[in-house]
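# Observations on chain architecture
One letter stands for each residue in the lines below.
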Amino acid sequence: MVNAVNDTAIHRIVAACRDENYPALIARMSSGWAVVGTAQFLRGYCLLLPDPVVPHLNALPTVRREQFLNDMARLGDAVLAVTAAVRINYAMFGNVEPALHAHVIPRYNDEAPELRSAHPWTYDWSAAPPFDSQAHGELLLRLRAAVSAS
């Protein structure tokens, strides 16, 4: 029987990354996996997933926690460099998917005025273009190079 707590989308994506069978995989980082978000509601939206998966940030030992947060910032640096965003929003919730994952969200000056300073979850994610290897392949390769160089 599958334990629902160990069968989140985060667990499944990490397993696919380990098998090198996840199309949106950017890179293996010290603490886990950098991936392009499945909904590109803002160009360059990414996630950092820990490996092994843990329920939340506080479940990590101090050294691994520091590495995860450092990797999150490194991924943010790569997203900034590749997308020319004006800033990065970082978020960790784990309420819907009860497994640690960090959202790395680029923000742009040309966002609609009513969304520019709003919470990223204000966007209609269901209307966002899904990650597509052809449409987002160049972005993925550029992010991979930027993460590798950092």
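Procedures and definitions
Residues numbered from 1 in each chain as written. Predicted model: local features only at pLDDT ≥ 70, side-chain atom pairs only at ≥ 80, totals over all residues. Heavy atoms only, no water. Core = buried A, V, L, I, M, F, W, Y, C linked by side-chain atoms within 4.5 Å. Buried < 20%, exposed > 50% of the residue type's maximum accessible area, 1.4 Å probe, protein only. Helix = DSSP H or I, 4+ residues; strand = E, 2+ residues; numbered from the N terminus. Contact = heavy atoms within 4.5 Å. Polar contact = N/O pair within 3.5 Å; in protein donor to acceptor, adjacent residues only side chain to side chain. Expected span 1.5 Å × (residues − 1). Axes fitted to C-alpha atoms, helices over the stretch in contact; angles between N-to-C directions. Parallel < 35°, antiparallel > 145°, perpendicular 65-115°, else oblique. Left-handed = near helix turned anticlockwise from the far one by under 90°. Nonpolar A, V, L, I, M, F, W, Y, C, P; charged D, E, K, R; others polar.

Further remarks concern the nonpolar core. If you look at the biggest cluster of nonpolar residues, it comprises 50 residues, and the most contacted ones within it are Y22, I26, V35, L75 and L143. Put simply, the parts of the chain that give this core at least two residues each are α1 (9–18), β1 (25–28), β2 (32–36), β3 (46–50), α2 (62–83), β5 (102–107) and α4 (133–149). Per element, the largest residue contribution to this core is 6 residues, and it comes from α2. Setting aside chain neighbours within four positions, we find I26 in contact with A34, V35, V36, C46, L75, L140, L143, R144 and V147.

The next thing to look at is the side chain of H11. Note that H11 resides in helix α1. The class of H11 is buried, set by a relative accessible area of 19%. A polar side-chain atom of H11 sits 2.7 Å from a polar atom in the side chain of T8.

To continue, consider α2. Under the 1.5 Å per step criterion, the end-to-end length of α2 is 31 Å for 22 residues, consistent within 8% with the ideal 32 Å. Of the positions making up α2, those classed as buried are F68, D71, M72, R74, L75, G76, A78, V79, V82 and T83. For α2, the elements touching its buried residues are β1, β2, β3, β4 (87–91), β5 and α4. At the exit of α2 stands A84, carrying a positive phi of roughly 60 degrees.

Relative to each other, α2 and α4 sit at 130 degrees, their axes nearing to 9 Å. Here α2 is positioned oblique relative to α4, judged by the angle of their axes. α4 is crossed by α2, and the crossing has right-handed handedness. In this structure, α2 contributes R74, L75, A78, V79, V82 and T83 to the contact, and α4 contributes L139, R142, L143, A146 and V147. Classifying every residue of the contact of α2 with α4 gives 8 nonpolar, 1 polar and 2 charged.

Nothing here speaks to function; it is geometry throughout.
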